[in-house]
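What the coordinates show
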Amino acid sequence: QVQLVESGGGLVQAGDSLRLSCTASGRTFNTGTTAWFRQALGKEREFVAAIRWSTGTTYYGDSVKGRFTISKDNAKNTVYLQMNSLKAEDTAVYYCADKSSYDLTKYSSRYSNWGQGTQVTVSS
């Protein structure tokens, strides 16, 4: 019923900003949680940020804290990831994920719905 469609990835220069969007088709999980993960080539998937739909409470991975901001627009069924001060090590495929429960978690196994991923490449 719910499909996650990601957009906003691309090639940018180190220090630049980029905003990713994750739009959910179908009914929004108003008590659930949506998160961003990323996976660099040849590396494990890494938690980036999560947001609780009911309260707007956010949770960030240590590597992006202070640089990235997750937000949501209920009317548009969209979650955003604003990425500032991008570094070369931010280069990865970024995935949007969603789960029906409202608890914030960094563990990818807890998320049941996943988008196709969007490539973010940061050049130095």
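Note: the structure precedes this text.
Keep in mind that what you see is a predicted model, and the values were worked out from it rather than measured.

A separate point is the state of the cysteines. In this structure the tally under the stated criterion is 1 disulfide. For C22, the disulfide goes to C96, at an S-S distance of 2.0 Å. Given an S-S torsion of about -75°, the disulfide between C22 and C96 has left-handed geometry. Of this pair, C22 sits in strand 3 (residues 18-25) while C96 sits in strand 9 (residues 92-99), placing them 74 residues apart in sequence. Judged by relative accessible area, which is 2%, C22 ranks as buried. Here C96 falls in the buried class, since its relative accessible area comes to 0%.

Right, let's talk about unusual backbone geometry for a bit. Residues other than glycine seldom take positive phi values, yet N77 does so here, at roughly 50°. Mapped onto the fold, N77 is located in the loop between strand 7 (68-73) and strand 8 (78-83). Look at S85: it is not a glycine, yet its phi comes out positive at around 50°. Tracing the backbone through its elements, the reader meets S85 in the loop between strand 8 and strand 9.

Turning next to the packing of aromatic side chains. In this structure the tally under the stated criterion is 5 aromatic pairs. Taking the centre distance of 5.4 Å and the plane angle of 75° together, the rings of F37 and Y111 count as edge-to-face. Residue F37 is found in strand 4 (residues 33-39), and its partner Y111 is found in the loop between strand 9 and strand 10 (113-114); the two are separated by 74 residues along the sequence. Of the two residues, F37 and Y111, both sit in the buried class.

Here the focus is the environment of L41. Within the element layout of this structure, L41 appears in the loop between strand 4 and strand 5 (46-52). In the structure, L41 is positioned 52 residues away from V93 in sequence and 8.1 Å away in space, judged by C-alpha atoms.

Below, the discussion takes up the sheet that holds strand 1 (residues 3-7). Strand order in the open sheet formed by 4 strands is 1-3-8-7, and the pairing between neighbours is antiparallel. Each edge of the sheet is formed by a strand with only one pairing partner; in this case those strands are strand 1 and strand 7. The average angle at which neighbouring strand axes cross in this sheet is 20°, direction not considered.

What counts and how
Every chain's residues receive numbers from 1 upward, in the order its sequence appears when written. In keeping with the model being predicted, local features are shown solely for residues with a pLDDT of at least 70 and side-chain atom pairs are shown and tallied solely at 80 or more, while totals for entire chains, interfaces and linings include all residues. Note: side-chain values were computed over all heavy atoms of the structure, leaving out hydrogens and water. Sulfur atoms of two cysteines make up a disulfide when they are within 2.5 Å. Comment: elements are numbered from the N terminus, with helices defined as DSSP H or I runs of at least four residues and strands as E runs of at least two. With a 1.4 Å probe rolled over the protein chains alone, any residue whose accessible area is under 20% of its type maximum counts as buried; one over 50% counts as exposed, and the rest are partly exposed. Stacked, tilted and edge-to-face pairs are distinguished by plane angle, under 30 degrees for stacked and over 60 for edge-to-face with tilted covering the rest, among Phe, Tyr and Trp rings (Trp via its six-membered ring) whose centres lie within 6.5 Å. Paired strands, in this sense, are two strands between which DSSP finds at least two bridges. Whenever a helix is involved, its axis is fitted only over the stretch in contact; in every case the axis is a line through C-alpha atoms, and angles between N-to-C directions fall within 0 to 180 degrees.

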